[in-house]
Structure formats: C-alpha cells, structure tokens
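What follows is the residue order along each chain.
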Amino acid sequence: RTTAELCALTAVAGTLRTIRTLRGPSFLLGVPVDMLQHVGVEADAIEWLRWFGFHSVGEVRELSRELLTEQFGAQGEIIFRYAQGCEKKPVQLFS
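Residues numbered from 1 in each chain as written. Predicted model: local features only at pLDDT ≥ 70, side-chain atom pairs only at ≥ 80, totals over all residues. Heavy atoms only, no water.

Chemist: Talk me through the packing of helix 3 (residues 43-51) against helix 4 (residues 65-72); I want residue IDs and the actual numbers.
Modeler: Between helix 3 and helix 4, the shortest axis-to-axis distance is 11 Å and the interhelical angle comes to 130°. Between helix 3 and helix 4, the interaxial angle falls into the category oblique. Helix 4 is crossed by helix 3, and the crossing has right-handed handedness. Only Leu67, Gln71 and Phe72 of helix 4 make contact with helix 3, whose side of the interface consists of Ala45, Trp48 and Leu49. Residues of the contact of helix 3 with helix 4, tallied by class, amount to five nonpolar, one polar and no charged. (Axes fitted to C-alpha atoms, helices over the stretch in contact; angles between N-to-C directions. Helix = DSSP H or I, 4+ residues; strand = E, 2+ residues; numbered from the N terminus. Parallel < 35°, antiparallel > 145°, perpendicular 65-115°, else oblique. Left-handed = near helix turned anticlockwise from the far one by under 90°. Contact = heavy atoms within 4.5 Å. Nonpolar A, V, L, I, M, F, W, Y, C, P; charged D, E, K, R; others polar.)

Below you can see the structure in the form of structure tokens.
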C-alpha cells in the first residue's frame, strides 16, 4: 500500500497512474525522497537522506530498519516501511 500511496502522490492531477505489483521496487527508484514529506517524514530527516546521497525512496531500500530507527526514531520506521513497500495503513483517496 505504501507504493500505491507514493504512486498516487506522484500522479498528475486528474489522471490515473498504475504500476504492476512486481515493478514496485523499480518504481520507487523514480520517487524523490522529498515525497516522504507527504506521509509524515520531517524535512530534517529528508535533508539528511539527501546529504548522504539518497535521492530516491528506492535508494533508501538498502538501509536497515535498525539504522533508520537509530538515526530518526519513529520517523525511521516510517521511512523504512515506505522504502520497503510494507506500510499497512489504508491508502487515502485523493481528489
């Protein structure tokens, strides 16, 4: 569901955007880490990710849950879930 939410956030208003289930990880390579602000990640955490060379959500996949939560606390868990595509919360409808 996290991948679907990021897909919706990156879609052009008034259009429908779809991705295949198996393409989720490659799709995330094209999603800028800045989009994590829309799911509750603070700007300081995103700046830190960019500073260390992580410019897409897909690139963050290589970081462990432990490293992210040690660095960012609860926000690290959110970052990890979105990077791995494993967030369980329902997707909000956008209109």
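Chemist: Quick rundown of the packing of aromatic side chains? Include the residues and the values.
Modeler: Per the stated rule, a full pass over the model turns up three aromatic pairs. Between Trp48 and Phe72, the aromatic rings sit 5.0 Å apart at their centres with planes inclined by 85°, giving edge-to-face as the arrangement. With Trp48 in helix 3 and Phe72 in helix 4, this residue pair connects regions lying 24 residues apart in the sequence. Relative to Phe52, the ring of Trp51 has its centre 4.7 Å away and its plane inclined at 85°; by these criteria the two rings are edge-to-face. Through pairs of rings, three or more aromatic residues link up here, namely Trp48, Trp51, Phe52 and Phe72. (Phe/Tyr/Trp six-rings, centres within 6.5 Å; stacked < 30°, edge-to-face > 60°.)

Everything listed here is a matter of geometry and, on its own, says nothing about what the molecule does.
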